[in-house]
Amino acid sequence: MKAIILAAGMGTRLRPETYKVPKCLVNVAGKPILYYQLKAFELAKAEKVIIVTGYLMPKVREFIKNIDLGIPIELVENKQYDRTNNMFSLKLALDKLKEKNELNDTFFICNGDVIFEKDLIIDAVTNSRGNTIFIDRSQYLSESMKVTINQSEEISDISKSISQSDYSGVSIDLYRFDSEGIKKLKEVVDYFINRGEKNLWTEVAIQKLVQDKILTIYPKDITGYIWWEIDTFSDVKRAEWRLKLINNIDLILNKKVYAFDLDGTLIRGNRPIRGATDFLNLSKSLGKTISFITNNSSMSNERHKKRLEDTLHIQIEEKMIYSSLDHLKEFLKEKNISRIFPILNNEAIKYLGDSYTIDEENPEAVIVGFDTELTYKKIEKACLLIEEGIPFIVVNPDIRCPVNNGFIPDSGSIGKLIEAVTNKNPYYVGGKPNPAMIKKMAERYLCNIDEVCYFGDRAYTDIEMAKQAHTTSILMLTGETNFEELVSVKESEELLADNSVFIGENYIFLRGVFEKHLSREKGGKANVL
């Protein structure tokens, strides 16, 4: 088996870094992208690696000279790197191999801007046959090549333009061709280049192979292995978060209790988050105690239970749920507050119980929650009471709540409105990120707080709560937080350096990471970095 790495590009979106080094030598977690690839192919026992380089080629040559590697490396120069694409680079490599009569072999082809977990390459080499495109089914990535798969489980198309409704998986820019397949690929590459079409992706040739039925190519699902294509500085951070996750996976798997946020993490309105049920079932099969911590103060725990069971098709007990209303009840009892003016819906007021009376004239506190029956009259009365000196309590600080088709105002945004009108700050803000929420849950299960792993979709409540409680958390990009927003905040580097905070992305991906790691544990030591 031989490998071809296409690494001639300039990486303009990674400037000013790529003014100094070519794209393939940009550092990810302290090591160049090319380092990850070469070490992986070395472990996979490649006979030789051909690297097609162009931009700042001397830097690549110097890197190869200094790296401790047990396989031969051959550099091929693409002098037209600034006006061609990777199909032209591939032609140069294939021409060189043909000259040496070295095409009668199996080849793995990849771009020089993708990091791969070593075990991904080892699995790809060991457990794939024929001609293969390696795909990830965990998410749709607009910048990546997508594939479609026909009923015969063969690749039927590959293109960046395939829609989310039609795609079967994302190509990870890793391709396997046997000795016959590589020759057919060369024929198609030569066809395009000889027509003067030098600025094309390699995938255009692969697309012609499958659409014209020149070659049968199969998919291999690698979901759960760590990989990422590096085009921007945001991609560098995404890859570093992924590497951090896999390097600390034993820490996460050794936790006894998995606690989950609800809205945006497991469910969205009355719809399940994709893969959530399967991930919960996997967690149970691993012997984890499951619990739920929610800031949603619009309903009782009985309705939370019914909503989870109806949406996720799981069976749970009401005692597994701890909500911001539970926290509110405990706080009011601790402070001996019994007369309240609530901005809460009727279900929430009923859940608080008979220990509290509604007093519109002289309450001890105004309670501001996620009131789905909110009226202007309630807001007006609450503001006037607060201006008279009555303290107000915000049940939870969430600004918005995710629903089926977007977001709606939550307790925090209602509280901000009242703050703006009255020029008064809340006396107390309950719910997450208050660490009492997760500590109370841990007490219920008679476990230490450091035995808990918490899954949530908001950095400013879910992850902050776990940090304040000194326990592990996993941020899911399934609700309010998206990755671009996360890396843009000033605390992002601090979070990346914190080995108690991880990004789980989505449940298809995270379940795959768990299962791949567990299968490696059965088979022997993993080769991650």
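Up top is the structure.
Residues numbered from 1 in each chain as written. Predicted model: local features only at pLDDT ≥ 70, side-chain atom pairs only at ≥ 80, totals over all residues. Heavy atoms only, no water.

A. Summary view of the sheet that holds strand β17 (residues 289-294). Taken in spatial order, the 6 strands of this open sheet run β18-β17-β14-β26-β27-β28, and their pairing is parallel. Lying at the two open borders of the sheet, with one neighbouring strand each, are β18 (321-323) and β28 (501-505). Averaged over all pairs of adjacent strands, the angle between strand axes in this sheet comes to 25°, irrespective of strand direction. Against the sheet, helix α17 (residues 459-469) contacts β26 (452-456), β27 (472-476) and β28, and its axis sits at roughly 165° relative to β27. (Pairing = 2+ DSSP bridges. Helix = DSSP H or I, 4+ residues; strand = E, 2+ residues; numbered from the N terminus. Axes fitted to C-alpha atoms, helices over the stretch in contact; angles between N-to-C directions. Contact = heavy atoms within 4.5 Å.)

B. Up close: the packing of helix α6 (residues 179-194) against helix α7 (residues 202-211). Where α6 contacts α7, the axes come no closer than 9 Å and their chain directions differ by 115°. In the crossing of α6 with α7, the sense of the turn from one axis to the other is right-handed. The segment α6 lies against α7, with K184, L185, V188, V189, Y191 and F192 engaging V204, A205, I206, K208 and L209. Of the residues belonging to the contact of α6 with α7, the class tally is 9 nonpolar, no polar and 2 charged. (Left-handed = near helix turned anticlockwise from the far one by under 90°. Nonpolar A, V, L, I, M, F, W, Y, C, P; charged D, E, K, R; others polar.)

C. Quick look at the sheet that holds strand β21 (residues 365-368). Across the sheet, 5 strands lie side by side as β20-β19-β21-β22-β25; this open sheet has parallel pairing. Strand pairing shows two members of the sheet lacking a second neighbour, β20 (357-358) and β25 (428-429), which therefore form its edges. Both strand β19 (residues 339-343) and β20 contribute to a ladder of 2 bridges, which runs parallel. Residue pairing in the sheet places R339 in a bridge with T357 of β20. Helix α12 (residues 324-334) contacts β21, β22 (392-394) and β25 of the sheet and is inclined by roughly 150° relative to β22.

D. Broad picture of the side chain of N86. Along the polypeptide, N86 turns up in helix α4 (residues 86-99). When its relative accessible area of 11% is taken as the criterion, N86 is described as buried. Of the polar contacts made by the side chain of N86, one reaches the side chain of N111; its length is 2.9 Å. In contact with N86, other than residues within four places in its own chain, are L6, N111, L200, W201, T202 and E203. (Buried < 20%, exposed > 50% of the residue type's maximum accessible area, 1.4 Å probe, protein only. Polar contact = N/O pair within 3.5 Å; in protein donor to acceptor, adjacent residues only side chain to side chain.)

E. Geometry of unusual backbone geometry. With an omega of 10°, the peptide bond running from R15 to P16 counts as cis. Locating P16 in the fold gives a position in the loop between β1 (2-7) and α1 (17-20). Note the cis peptide between K432 and P433, where omega equals 20°. The residue P433 is located in the loop between β25 and α16 (436-444) in this model. Located in the positive-phi region is E153, a residue other than glycine, with phi close to 60°. As for its placement among the helices and strands, E153 is situated in the loop between β9 (146-149) and β10 (155-159).

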